[in-house]
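Coordinates in review
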Amino acid sequence: MIEITLEVNGVSKTLQVEPRRLLADVLREEFRLSGVHIGCAHGACGCCTVHLDGTPRLSCLTFAAQCDGASIRTVESVGGPNAENTLQQAFKSEHGLQCGYCTPGFIMTLLPFVEEMVVQKRMPDDAEIREAMSGNICRCTGYHGIVAAVRKAVSTGLEAGA
Ligand code: FES
Ligand code: FES
C-alpha cells in the first residue's frame, strides 16, 4: 500500500492505496464522487475526465498513486442543481444531453476551452469546438446540441465581460 494525500474539490484527504488503484475508482469509492463516470475504462470515451492540477485528465488511465499531492477537481465542484455553471446551463438550454451519462466528462473537458475563448475574447468556429471535444463520446444525443451549448456558454461569457 502507498500513502497519498489528495486535495479533491478543496478538501484534503490522506489515504492508503494499492499501486494499481485507479484515480477514477478512488474518487468514486473513497471520496463518494459519483459524478466521475466510467464508460469504457480504457481511455476512449472521456466520461471519467477530471481536472488534475488544472488540466483535464482521464481518471480511468491515471493511477491514484501518481497523484500524491495533487489538486483534483471533479464535476461536483462545478455549479450545482440550483446554481449551475454557465456551461451547464447551456447544455440544458441547447439540448446538449439526453441520458446525461457522458455529460460530466464533456463539462470537465470543455470548461477550460470555454474559459480560454472568453479570455481570448473570440467565438470559436465549429471545427475548433469539435476538436476540443474530440476525446469525448456521447452515445445518445449526438453532437450538434453540445456544439451549440459551447457556443452559447462562450457567448454568455463574452457578453459578461463586455
Ligand atoms: S472511462 Fe475513462 S475514457 Fe472512458
Ligand atoms: S447524453 Fe447519453 S451518452 Fe451522452
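Throughout what follows, the structure given in this document is the object of discussion. (Residues numbered from 1 in each chain as written. Chains lettered and ligands numbered in written order. Predicted model: local features only at pLDDT ≥ 70, side-chain atom pairs only at ≥ 80, totals over all residues. Heavy atoms only, no water.)

Brief notes about the sheet that holds strand E3 (residues 49-52)
Spatially, the 5 strands line up as an open sheet ordered E2-E1-E5-E3-E4, and their pairing is mixed. Sheet topology places strand E2 (11-17) and strand E4 (55-58) at the edges, where each strand pairs with a single neighbour. Shown here is a sheet whose adjacent strand axes are inclined to one another by a mean of 40 degrees, direction ignored. Judged from the 2 bridges that link them, strand E1 (residues 2-8) and strand E5 (residues 71-73) form a sheet pairing that is parallel. Note on E5: the bridge partner recorded for Val-8 is Ile-72. Against the sheet, helix H3 (residues 103-120) contacts E3, E4 and E5, and its axis sits at roughly 40 degrees relative to E3. (Pairing = 2+ DSSP bridges. Helix = DSSP H or I, 4+ residues; strand = E, 2+ residues; numbered from the N terminus. Axes fitted to C-alpha atoms, helices over the stretch in contact; angles between N-to-C directions. Contact = heavy atoms within 4.5 Å.)

Examining the pairing of E2
With 7 bridges joining them, E1 and E2 adopt antiparallel strand pairing. By the bridge assignment, Ile-4 is partnered in E2 with Leu-15. Count of turn residues in the E1/E2 antiparallel hairpin: 2 residues, of which Asn-9 carries a positive phi of about 50 degrees.

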